[in-house]
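Per-entry structural report
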Amino acid sequence: DSPGMHTCFYSIVENKLTEDVSLLLQAEMDSYNPKTDNYVELKCSVNFQLKNSNHRRKLLRMWIQTGLVPRTDLLVGFRDPYYNQLDALKPYTRDEIYKKFSTRNLNGNRKYYNFNSTIAVQLSHHVIAKITELVDKNLTDEPLQSFKLTLTRDLQLSLTKLANTPAGLIPEKFLNSRLAAK
C-alpha cells in the first residue's frame, strides 16, 4: 500500500433465508468482535429523531442490512450536528433498532408506509425469491457460474450470465466444500 492508503477487508458469509434459499454475501467488514464472534456494522448519525422520516428510514435500512448477515452487532457513532465531531458511541441490537423505527404512536407517512417492518421483510423476501427464479432459469451444468444482476429505475430485474467467475470471488474452502457436497 501507498502511504495514506488503507486496505478494506471483505468477508463472504452464508445465510439461510428459507429452507430453499441460501445467500452467499460478500461485503466490506467494518469490524469484528472476537468476544461475541459477531461482525460489527459501524454507522454514524446525529441523535435519532424519530419524528424525522429520514432518521426512521435510516434506522429501517440499518435493521434490514444487519438482518442479512447472521450474528451482526451495530455500533453507532453520534456526532454533534453543529461541529460534526463525534460525541458518543452506542451499541445497538437489531431489536433496539426495530423498536425505534417501528414505533406506532407516531403520525404515519403513507409515502413510506410508516416504515413497516413487515412490508420491508416481505419486499426483501419477494426480491430475493425473484432473483432465485432468474438464477434457476439460467443455470447450466457447469460447476461454477456467476451472474450480473441489474435493477432498472422502473424496478425490472434482469440477469446476465458472466463468461467467467471473477478471480478470488469465492474462497477456495467454500468452493471445495460445495463441490464435495455434490
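Residues numbered from 1 in each chain as written. Predicted model: local features only at pLDDT ≥ 70, side-chain atom pairs only at ≥ 80, totals over all residues. Heavy atoms only, no water.

In the predicted model, the chain carries a mean pLDDT of 79, and the fraction of residues at 70 or more is 80%. Ranking the elements of the chain by mean pLDDT puts helix α4 (residues 172-181) last with 60 and strand β6 (residues 86-92) first with 91. (pLDDT = per-residue confidence, 0-100. Helix = DSSP H or I, 4+ residues; strand = E, 2+ residues; numbered from the N terminus.)

Glancing now at the pairing of strand β8 (residues 157-161). In this structure, strand β7 (residues 147-151) lies alongside β8, joined through five bridges in antiparallel fashion. Bridge pairing links Lys 148 to Thr 160 in β8. Hairpin connection of β7 to β8: five residues between the antiparallel strands, including Leu 155 at a positive phi of 65 degrees. (Pairing = 2+ DSSP bridges.)

In the structure shown here, the tally under the stated rule is six aromatic pairs. Judged by centre distance (5.1 Å) and plane angle (80 degrees), the ring pair of Phe 48 and Phe 78 falls under edge-to-face. Of the two residues, Phe 48 is situated in the loop between β4 (38-45) and α1 (53-68) and Phe 78 in strand β5 (residues 72-79); the sequence distance between them amounts to 30 residues. This pair shows no difference in class: Phe 48 is buried, exactly as Phe 78 is. Through a chain of ring-to-ring contacts, the aromatic side chains of Phe 48, Phe 78 and Tyr 92 assemble into a single cluster. Its guanidinium or amino end placed over the ring of Tyr 92, Lys 90 lies 4.4 Å from that ring's centre, counting from NZ or CZ. (Phe/Tyr/Trp six-rings, centres within 6.5 Å; stacked < 30°, edge-to-face > 60°. Buried < 20%, exposed > 50% of the residue type's maximum accessible area, 1.4 Å probe, protein only. Lys NZ or Arg CZ within 6 Å of the ring centre and 35° of its normal.)

Bringing the pattern of salt bridges into the picture now. Within the structure shown, the criterion is met by three salt bridges. In this structure, Glu 41 and Lys 43 form a salt bridge, with 3.4 Å as the shortest nitrogen-oxygen distance. Lys 43 sits in the partly exposed class, given a relative accessible area of 25%. Between Glu 133 and Lys 130 there is a salt bridge whose closest N-O contact spans 3.6 Å. Taken together, the residues Glu 133 and Lys 130, both in helix α3 (residues 117-138) and three residues apart, mark about one turn of the helix. (Salt bridge = Lys/Arg side-chain N within 4 Å of Asp/Glu carboxyl O.)

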